[in-house]
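The chain contents come next:
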Amino acid sequence: MRRYFSIVLLILIQLAMFAAPVNPAQVTISLTTRVPEYLVHGFLTTSEGSQVIVSSTEVEDAFNENGASFTYAIKTNVSIPLKVTATVLPFNLKYAPSTYQVGIDKIYVKESEADSPNEAVVDSTSGSYKLVEFTPNASGLATYSYILTVFANQAEVLQAPSGAYESTVSIGITPNN
């Protein structure tokens, strides 16, 4: 019996050693992440009741004396200065045996309906229009929008043969260093 008692005692001591609470060292984990840069720009349209930025759009009645207006938007979380430029091709007569062009007279830019428009300056070297220069001022993801109005040369419109005309506006955005 003593023998069994000794064996049981040894087993209990070994179990007690493993079952005894040990003061563990403090355990920590560092959680780190990175928010990636996000920059989307394009034309602001409404789709199914919500505003969406798209890469292309069409504006009807572009020869209107009040110009062809559309909204351009930038959605970003970066805070670096940005420069927005536009290259605007003349209106070309489509589907006609002869070619004819109507030039662009000017482009106006304004930040909201209530603001006064500013005429975009043409870069004499590249021929592109300087639309906007700005530094995003909101933290996190923010959307900045501008109303652009392209005016066709009305004197050329009066002389233009009938038909469908098309102009392409290409907008680029670069860091403004």
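Provided above is the structure to which this section pertains.
Calculation notes
Residues numbered from 1 in each chain as written. Predicted model: local features only at pLDDT ≥ 70, side-chain atom pairs only at ≥ 80, totals over all residues. Heavy atoms only, no water. Pairing = 2+ DSSP bridges. Helix = DSSP H or I, 4+ residues; strand = E, 2+ residues; numbered from the N terminus. Contact = heavy atoms within 4.5 Å. Salt bridge = Lys/Arg side-chain N within 4 Å of Asp/Glu carboxyl O. Buried < 20%, exposed > 50% of the residue type's maximum accessible area, 1.4 Å probe, protein only.

### A short note on the sheet that holds strand E1 (residues 39-47)
Link 1 in the chain: Within the open sheet, the six strands sit side by side as E2-E1-E3-E11-E7-E8. Their pairing is antiparallel. Lying at the two open borders of the sheet, with one neighbouring strand each, are strand E2 (50-54) and strand E8 (118-119).
Link 2 in the chain: Sheet analysis places E1 next to E2, joined by five bridges and oriented antiparallel. Paired with Phe43 across the bridge in E2 is Val54.

### As for the environment of Leu148
Link 1 in the chain: With respect to the helices and strands, Leu148 occurs in strand E11 (residues 142-152).
Link 2 in the chain: Setting aside residues up to four positions removed in sequence, Leu148 forms contacts with Ala68, Ser69, Phe70, Tyr72, Tyr108, Val109, Leu131 and Ile171.

### Comments concerning the pattern of salt bridges
Link 1 in the chain: Applying the stated criterion across every chain yields a total of three salt bridges.
Link 2 in the chain: Of the charged contacts in the structure, one is a salt bridge between Lys94 and Glu166, with a shortest N-O distance of 3.8 Å. With Lys94 in strand E5 (residues 91-94) and Glu166 in strand E12 (residues 164-166), this pair connects stretches of sequence that are 72 residues apart.
Link 3 in the chain: Ionic pairing is found between Lys130 and Glu133, a salt bridge with its closest N-O pair at 3.5 Å.
Link 4 in the chain: Assessed through its relative accessible area of 42%, Glu133 is described here as partly exposed.

Taken by themselves, the reported measurements are silent on function.
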